[in-house]
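Report on the structure
Spelled out, the chains give:
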Amino acid sequence: MLHDVLTVDALTQALQVIRPAVRQGKPYSVGAPPEAPIKLNQNENPFELPEAVKRELLEALQEVPLNRYPAEHPERLRQALAEHLGWSPEGIIVGNGSNELTFTLGLAVVDAGTPVVLPRPMFSFYEMMVRLHGGNVLGVPPRPDLQFDTEALLETISRNRPALVVLTTPNNPTGLTMAPEDVEAIVQAAPGLVLIDEAYVEFTDGIGFRRFLDHYPHVLLLRTFSKAFGLAGVRLGYLVGHPRIIQELYKARIPFMVDRLAETIALTLLRHYKLVQEQAARIKQAVAWLYQELATLAGVAPVPSQANFVIFRTELQPRILLARLAQKGILLRDLSNYPELRGYVRVSAGRPEENRAFMDALKEALTEPE
Ligand SMILES: *Cc1c(COP(=O)(O)O)cnc(C)c1O
């Protein structure tokens, strides 16, 4: 790298063209090494596919013409999802991970100063997206039990007339769900779009707020293949809504974003949705077990969860607890960046032997001398 005066001047000048909203931001970061013997930090599905399904998948992949561009939008997958949801394919948009669709929505909706209501604590990517587009984040603090504060949300909506309200249920990072009547009250009060992020819907009844689509043209559902479907490494998500709204979002979406391999993999798993449901049921059992075990430990306070993870607080600082667990080969997520969740950490449900190893390691970590 050159460091003469001219280069430094040119660099300073070049940096000045980066928009202030971008320069003031921080890149999204998980803040942990990607590999560890027991990885319970990213809400992934810990189970492998059965051999027979893997073989079917490999055969399907062999037929994929890699030299050809994919369609602008993955039509076969859109059709399969339409059948899965009982909704028209024109009302579905598939993305390279649901995060990509969050960005698309931001491009379509958020301008400088656009008000967006985000209940707290919420998946931090939403705030990042609104700020990048220059929008006005209206964060609404939770109730003391960490549930979204419906009354405060209704008040914020009526005062600010937001273009977009985002709800996540089950919520990440808490694992809590919203009561349907609360969601409906917010939907009825909102003058703009309401995005309901259902990344964890398969760990509830698998249906979630699908019926709202029949009644409310301003509701959008966001779903992902990253959690129950076990395809976090493939990057696929989808957004569902009224075809007229979805048509507009297509104009803001980058074409060819879903590749042929990803589409083929998702189609295979949709054919085996029963397997996804079975794995989700096992993961739910693991979550119930983790919650019970955590609740028996002195000084440990877990929060009941409807997702594939549990958050809890201990008497140790998260940084110290996570370092001790990492030394034993176990990764958890530190939630201290959320002001409401200071002191909390998050454990994703693993396979049964991983969960037992985690509980043993936790008991040791909590009693280790300073
Ligand atoms: C994990 C998660 C997603 C999924 O993002 P992808 O880009 O599809 O992997 C979306 N929303 C929430 C709240 C999540 O926790």
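The name given to the chain in an unreviewed UniProt entry is Histidinol-phosphate aminotransferase, and the organism recorded there is Rhodothermus marinus. According to the UniProt record, the Catalytic activity (unreviewed entry) comment for the chain is "L-histidinol phosphate + 2-oxoglutarate = 3-(imidazol-4-yl)-2-oxopropyl phosphate + L-glutamate". Note on the chain: under the UniProt heading Pathway (unreviewed entry), the record states "Amino-acid biosynthesis; L-histidine biosynthesis; L-histidine from 5-phospho-alpha-D-ribose 1-diphosphate: step 7/9."

The ligand sits among Gly97, Ser98, Asn99, Phe123, Asn172, Asp197, Ala199, Tyr200, Thr224, Ser226, Lys227 and Arg235. Interatomic distance of 2.7 Å between a side-chain N/O atom of aspartate 197 and a nitrogen atom of the ligand. A distance of 2.6 Å separates an oxygen atom of the ligand from a polar side-chain atom of threonine 224. Protein burial of the ligand: of its 390 Å² of free accessible surface, 94% is covered by the chains. Split into classes, the residues belonging to the shell around the ligand amount to three nonpolar, six polar and three charged.

On to the domain arrangement of the chain, then. Here the chain is described as being made up of domain 1 (21–49 + 275–367) and domain 2 (65–272). One C-alpha centre belongs to domain 1, the other to domain 2; they are set 24 Å apart. Listed as interface residues are 30 residues of domain 1 and, on the opposing side, 30 residues of domain 2. Each partner contributes to the roughly 2400 Å² buried at the junction of domain 1 and domain 2, and carbon and sulfur atoms together form 66% of this total. Between the two partners, domain 1 and domain 2, sit one salt bridge. If you look at where domain 1 meets domain 2, you find ten residue pairs in polar contact (both at pLDDT 80 or more).

Here is what the cut-offs are and how they apply
- Residues numbered from 1 in each chain as written.
- Predicted model: local features only at pLDDT ≥ 70, side-chain atom pairs only at ≥ 80, totals over all residues.
- Heavy atoms only, no water.
- UniProt positions renumbered as here; feature names shortened; annotations may be inferred.
- Near = heavy atom within 4 Å.
- Polar contact = N/O pair within 3.5 Å; in protein donor to acceptor, adjacent residues only side chain to side chain.
- Areas by Shrake-Rupley, 256 points an atom, 1.4 Å probe, with all protein chains shown as cover.
- Nonpolar A, V, L, I, M, F, W, Y, C, P; charged D, E, K, R; others polar.
- Domains from an automatic or database assignment.
- Contact = heavy atoms within 4.5 Å.
- Buried area = accessible area lost by both parts, 1.4 Å probe.
- Salt bridge = Lys/Arg side-chain N within 4 Å of Asp/Glu carboxyl O.

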